[in-house]
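Summary of structural features
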Amino acid sequence: MARKIRVLIAKPGLDGHDRGAKVVARALRDAGMEVIYTGLHQSPEMIVQTAMQEDVDAIGLSSLSGAHDVLFPRVMELVHKNKMKVLVTAGGIIPEEDVPTLKKCGIAAVFGPGTPIEDIVKFHKERLKAKH
Amino acid sequence: MNYSTLAKGTLKGDRKAAARLISVVEDEEEGYREAMKIVFCGTRGAGVLGITGAPGVGKSTLVFEIAKSFRKAGKSVGIVAVDPTSPLTGGAILGDRIRMTDLSADPGVFIRSMGSRGGTGGLSLQTSNVIRILDALGCDEIIVETVGAGQTQVDIMGMADTVVVVTMPGTGDEVQSIKAGLLEIADLYLVNKMDLPGAMNTASDLKSMLDLVDDWKGWKPPVLLASASTGRGLDQMLEFIGRHRAWISQPERFLERRSRQARKEIYDLVTMEVHRMIESKFPSVKLDAIVRDVVQGKLSPYEAAEKVAAFAIR
Amino acid sequence: MALSLKKKGRGNPSRATRRNATRTKKAAATEIVETADRKAGYKNQSWMDTDTVYLPNAEFAYDDKLGLPGEYPFTRGIHSNMYLGRLWTMRQFAGFGSASETNERFKYLLSHGETGLSVAFDYPTLYGYDTDDPHSEGEYGKCGVAVSSMEDMTALFNGIPLDRVSTSMTINGPASIIWAMYLGAAESRGFHKSMLRGTIQNDVLKEYIAQKSFIFPPAPSMRLVIDTFEYGMRNVPRWNTISISGYHIREAGSTAVQELAFTLADGFEYVRQGMERGMDPNLFVPQLSFFFNAHNDFFEEIAKYRAARRIWAREMKETFGLTNERALKLRFHTQTAGCTLTAEQPENNIVRVTMQAMAAVLGGTQSLHTNSLDEALALPTEKAVRTALRTQQVIAYESGIPNVVDPLGGSYYLEWLTDEMEERAYRIFDEIALYGGVIGAIEKGYFQKAITESAYRYQKDVDRRERIIVGVNEFTTDEPLDIPILRLDPKGRDKQIARLRKLRRTRDRAKYDAALDRLRKTAEGESNTMPAILDAVKANATLGEVTGVLREVFGEYREQRII
């Protein structure tokens with residue numbers, strides 16, 4: 001049986017805007033991946049624990065409230081602390097000037113508003129190709 | 001590949017190793033069987049509770065509440081949540097965690113979502129393996145959540161000590177669907193969302209359906225009402241789960257159930273092995289020729305099957 | 001049962017008429033159809049089929065469907081002289097950081113000609129958490145102002161004449177607590193409750209449906225809402241005790257028709273539950289207001305507002321039997337659609353917002369928020385907010401649009417579209433009834449599923465370029481962004497927490513304990529919670545503490561599993 005790509009789509013913080021997260025989750029599913037969706041209001045600890053238990057290949061973090069500057073680096077800190085090999089991407093409303101900081105802490109890509117979902121799918125397929 | 005390190009890690013309580021090993025098993029990677037042999041030796045006999053029912057009846061909330069009560073009693077909990085895989089794309093959205101978020105960061109809980117995947121029909125086997133991994137990891141109680149019969153076809157009775165079939169008040173279709181496939185597997189019926197109109201009717205429909213069976217061999221499944229979201233009726237359900245467990249734990253019964261489960265698993269494994277052997281070893285040119293003969297009417301399907309089976313048995 | 005609504009004026013005759021009209025239309029328009037090859041790529045936001053051109057319809061029942069402006073069924077607006085009497089309220093949604101920072105922004109907006117205030121609260125406040133709660137990590141002051149106590153509320157409106165400016169507050173789960181803080185703060189400055197004007201959003205149903213900032217399960221949430229209706233009716237008569245919102249339903253991805261139908265269905269549910277409490281709907285319904293989205297499709301949006309007014313008036317009069325004319329008039333606030341703003345070429349957003357704002361004005365809105373061009377990037381800067389306000393002022397004072405009442409009334413296309421929206425809304429009401437009404441449909445995930453489906457379908461259209469978004473999937477450039485970004489005071493959170501801790505240290509402990517005790521007992525019982533909440537906030541109980549008591553009594557709601 002072929003190895004399945006597993007992706008965690010997570011909503012950190014209190015922000016309830018889940019439209020983007022759900023659209024991305026569906027698109028990844030339609031591309032044949034297994035998508036674990038956390039639901040709203042996740043703390044960084046919950047997200048990293050979930051990623052570990054679910055043994056995902058990738059984590060997609062979505063936030064539109066502006067809390068990314070605090071919460072995303074915290075997720076990365078825990079990912080590193082647990083020595084997890086996982087591709088982490090981010091989406092939502094994230095100012096251009098915050099992107100370098102996020103990338104520096106290990107986030108592989110930041111998908112802003114207007115990113116075609118196909119690009120997000122392609123990115124995951126390419127970066128996780130080694131699995132197949 | 002050799003996955004024995006992951007298996008040994010699991011036995012030592014390494015959650016990351018266990019999680020990785022589950023993926024290896026799910027992907028049926030070469031060498032997973034060897035790892036499972038190690039895991040099997042490390043199992044400690046965790047209690048296994050099965051929760052099944054149609055989509056939307058509130059299974060996840062129920063699992064969450066039951067898990068919380070196990071946690072309160074100081075037990076560690078493993079949860080396996082199986083969701084259907086799309087037959088078209090092979091993808092799946094696994095969302096059972098949405099209803100269990102408060103447990104995500106609890107070190108005494110390990111939740112794993114599984115897609116039903118289809119494939120070689122090994123889902124029940126793989127689910128059993130995941131249960132074993134969680135058992136070997138040290139979970140005291142394991143809860144398995146599956147979508148009702150007909151959709152993911154997990155043989156939940158073959159792996160759980162107690163099976164709760166969950167339904168909710170509705171148009172009556174629910175009871176029909178239970179009749180169609182879930183009747184034999186339930187140790188306990190739960191009408192969830194008891195605050196909705198028609199709950200009593202659904203419960204009495206179920207009861208009268210059960211009354212048609214003459215001999216329950218000592219355990220007639222009770223029909224209970226509850227509201228998982230408000231907590232009403234949950235204590236009663238937990239009490240009945242406990243009673244069933246006490247009943248099933250009597251030595252001869254326990255032996256009977258476990259023997260039946262083991263027998264079934266052996267059969268399933270053999271079937272899978274035969275499949276695998278035919279797929280990997282039987283020359284495809286030869287198989288194509290047999291298929292052609294059947295299509296052209298030169299050979300009956302029965303004769304064809306005998307030929308192929310003979311190869312596997314040889 | 002729940003939604004078996006009367007369908008006067010939408011029966012078979014009008015449908016037959018339409019079919020005839022279509023036939024004539026088709027003959028007349030052949031030539032145009034042949035040349036209109038671009039049309040294949042164009043669809044409105046509800047995926048409706050539209051004809052190429054619309055012609056007069058001799059059987060159009062003018063009196064029944066339109067009437068005069070200010071007259072039943074109010075399709076043409078709720079005032080006979082509309083904006084000739086008074087312009088809409090220019091009300092910019094604002095809030096960030098601390099109460100005093102937002103207070104400055106309010107004063108800035110008022111000094112630039114804004115005519116009403118609208119408060120955006122930060123996420124912790126929306127969920128009833130204090131700034132120092134662990135749940136608030138990373139969220140302080142972003143997306144809105146942090147208000148954890150009556151003291152914060154007092155600072156928020158410092159120096160603003162509350163008897164002359166009306167205030168809208170976007171708050172739902174903890175609406176009654178925030179409202180109590182406002183009433184308490186106003187009272188301490190000598191403004192009596194009876195003179196205060198404003199709105200609390202207070203629409204919990206749409207939280208379960210779309211916006212997701214819910215706290216309690218539906219039943220206790222609805223009780224709190226009806227408590228505010230009752231309290232408002234008796235004590236704060238000029239206040240809108242709810243703003244029944246389609247805005248968020250649309251932002252979550254619904255179509256225009258779904259926005260219309262879901263919102264009105266919520267409205268009917270509130271009226272029904274208020275009546276179940278034993279209140280006279282003729283008295284409490286006039287205090288219910290609405291809030292709609294203004295999206296990209298110009299005519300579809302205008303038709304949506306007109307259909308909303310007509311359906312509401314008919315249902316209130318004929319199904320609910322109301323006689324007070326004020327209760328039949330659907331009054332609404334509009335906000336331009338945040339989800340249409342693009343991060344690419346953000347200046348284009350000014351043009352989008354202008355079109356959307358025009359649709360709202362032509363649709364007869366009572367108040368309007370126009371989004372700022374930079375909101376797909378971050379919190380809006382002062383200058384961006386000013387431009388957004390100026391957009392409204394240009395429409396009001398330069399375009400001539402407000403000089404005539406309902407200038408688009410009678411447009412063949414618009415009237416057809418209005419009828420069509422109405423008819424489709426009724427089909428959705430029927431579906432909701434099959435789920436046992438709004439609450440049943442929420443519990444079974446009907447709304448959430450429908451919205452998620454629409455959102456995914458829309459995104460696929462965009463990705464396949466079957467919908468063109470200028471600057472995103474067509475007419476793109478590689479220019480780097482040149483938009484300044486608003487930054488919050490990095491020490492703001494610490495200062496807010498210090499203020500909060502001081503308040504907890506210095507308040508009258510005995511008074512506080514007694515108030516919370518009374519609140520708990522009231523919540524456990526059945527009487528109106530508003531007086532006890534008011535006492536608690538006046539005793540300087542914080543938002544988190546008051547909500548905490550209610551969380552203990554009512555329990556918490558968890559999101560449905562719908563993806």
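Rules and cut-offs
Along each chain, numbering runs from 1 in the same order as the chain's sequence is written. To read the labels, note that chains go from A and ligands from 1, taken in the order they are written. A pLDDT threshold of at least 70 governs which residues receive local features in this predicted model, and a stricter bar of 80 or more applies before side-chain atom pairs are shown or counted, although totals over entire chains, interfaces and linings include all residues. Note: two strands are recorded as paired if DSSP finds a minimum of 2 bridges between them. Under the scheme used here, helices are H or I runs from DSSP no shorter than 4 residues and strands are E runs no shorter than 2 residues, and both carry numbers assigned from the N terminus. It is the C-beta atoms, placed from the backbone, that decide contacts: two residues are in contact if theirs lie within 7 Å. Lines fitted to C-alpha atoms define the axes, with helix axes restricted to the stretch in contact, and inter-axis angles between N-to-C directions lie between 0 and 180 degrees. Nonpolar residues are Ala, Val, Leu, Ile, Met, Phe, Trp, Tyr, Cys and Pro. Charged residues are Asp, Glu, Lys and Arg, and all others, Gly as well, are polar. Each residue is classified by how many other C-beta atoms fall within 10 Å of its C-beta atom, where C-beta atoms are placed from the backbone; a count of 20 or more means buried, 12 or fewer means exposed, and values in between mean partly exposed. Directions pointing from the helix axis toward each C-beta atom define the arc. A helix is expected to reach a length of 1.5 Å times the quantity of its residues less one. A clockwise path from the first strand over the helix to the second, with the strands pointing away from the viewer, defines a right-handed crossover. Residue-level confidence of the predictor, termed pLDDT, takes values from 0 up to 100.

**Examining the sheet that holds strand S5 (residues 239-240) of chain C**
All names here are of chain C. Spatial strand order, S5-S4-S3-S2-S1-S9-S8-S7-S6: nine strands in an open sheet with parallel pairing. Each having just a single partner strand, S5 and strand S6 (242-245) make up the two edges of the open sheet. Of the strand pairs in this sheet, strand S1 (residues 89-94) and strand S2 (residues 116-120) are connected by four bridges, and their pairing is parallel. The residue bridging Ala94 from the neighbouring strand is Val119, located in S2. Together, S6 and strand S7 (288-294) form the strand contacts of helix H12 (residues 256-276), whose direction differs from that of S6 by roughly 145 degrees.

**What to know about the interface of chain B and chain C**
Across the contact, nine residues belong to chain B and eight residues belong to chain C. Residue composition of the side of chain B that touches chain C, by class: two nonpolar, five polar and two charged.

**Digging into the environment of Lys298 of chain B**
Residues and elements named next belong to chain B. Mapped onto the fold, Lys298 is located in the loop between helix H10 (284-295) and helix H11 (301-313). Using a count of 11 C-beta atoms within 10 Å as the deciding quantity, one classes Lys298 as exposed. Along the chain, Lys298 and Leu269 lie 29 residues apart, while their C-alpha atoms are 33 Å from each other.

**Things to note about the environment of Asn528 of chain C**
All names here are of chain C. Within the secondary structure, Asn528 is located in the loop between helix H22 (509-524) and helix H23 (530-538). Spatially, the C-alpha atoms of Asn528 and Lys206 are 23 Å apart, while their sequence positions differ by 322 residues. Among all residues touching Asn528, those that are not within four sequence positions of it are Asp227, Glu230 and Tyr231.

**Notes on the pairing of strand S4 (residues 109-115) of chain B**
Among the seven residues of S4 of chain B, seven are classified as buried, and the element is accordingly described as predominantly covered. What you see with S4 of chain B is no split at all: Val109, Ile111, Ser113 and Gly115 of chain B on one side and Phe110, Arg112 and Met114 of chain B on the other are buried throughout.

**A few points about helix H1 (residues 4-11) of chain B**
For an α-helix the count is 3.6 residues per turn, leaving residues at separations of three or four pointing the same way. All names here are of chain B. When we look at burial in H1, the residues that qualify are Leu6, Ala7, Thr10 and Leu11. An end-on view of H1 places all buried positions within 140 degrees of arc, on one side of the element. Along its buried surface, H1 packs onto helix H2 (15-26), helix H3 (32-41) and helix H5 (123-137).

**Description of helix H21 (residues 492-506) of chain C**
Residues and elements named next belong to chain C. Taking 1.5 Å as the rise per residue, H21 with 15 residues should run 21 Å; its terminal C-alpha atoms sit 21 Å apart, in good agreement. Taken together, the buried positions of H21 are Arg493, Gln496 and Leu500. The buried residues of H21 occupy one face: seen down the axis, they fall within an arc of 65 degrees. What points out from H21, more than 90 degrees from its buried face, is the exposed set Ala498, Arg501, Lys502, Arg505 and Thr506.

**Some remarks on the sheet that holds strand S5 (residues 141-147) of chain B**
All names here are of chain B. Overall, parallel pairing links the seven strands, which are arranged S4-S2-S5-S1-S6-S7-S8 in an open sheet. Since the sheet does not close on itself, it has two edges, and those belong to S4 and strand S8 (223-225), each with one partner. For this sheet the average axis-to-axis angle between neighbouring strands, irrespective of direction, equals 20 degrees. Pairing analysis gives five bridges linking strand S2 (residues 77-83) to S5, with the strands arranged parallel. What sits directly across from Val77, in S5, is Glu141.

**Thoughts on the interface of chain B and chain A**
Counting from both sides, the interface comprises 27 residues of chain B and, opposite them, 28 residues of chain A. Top element by residues in the side of chain B that touches chain A is H2 of chain B. It accounts for six residues. Partitioned by chemical class, the residues of the side of chain B that touches chain A number nine nonpolar, 11 polar and seven charged.

**Structural notes on the pairing of strand S4 (residues 87-92) of chain A**
Residues and elements named next belong to chain A. With five of its six residues buried, S4 lies for the most part within the structure. Sheet analysis places strand S3 (residues 58-63) next to S4, joined by six bridges and oriented parallel. For Ala58, the partnering residue across the bridge sits in S4 and is Leu87. The parallel pair S3 and S4, bridged by helix H3 (residues 68-81), forms a crossover whose chirality is right-handed.

**Notes on unusual backbone geometry**
All names here are of chain C. With an omega dihedral of 0 degrees, the bond running from Tyr72 to Pro73 counts as a cis peptide bond. When you line up the elements, Pro73 lands in the loop between helix H3 (62-65) and helix H4 (82-85). Non-glycine residue Met82 carries a positive phi angle of around 40 degrees. On the secondary structure map, Met82 appears in helix H4. Taking the number of C-beta atoms within 10 Å as the measure of exposure, Met82 has 22 and is therefore buried. You will see that Lys212, though not glycine, has its phi angle at about 70 degrees, which is positive. On the secondary structure map, Lys212 appears in the loop between helix H9 (204-211) and helix H10 (218-235). Accessibility expressed as a C-beta count within 10 Å gives 24 for Lys212, which makes it buried.

**So, the confidence of the model for chain A**
The pLDDT averaged across chain A works out to 92; a share of 96% of its residues lies at or above 70. When pLDDT is averaged over each element of chain A, strand S1 (residues 6-10) of chain A comes out on top at 97 and helix H1 (residues 19-30) of chain A at the bottom at 93.

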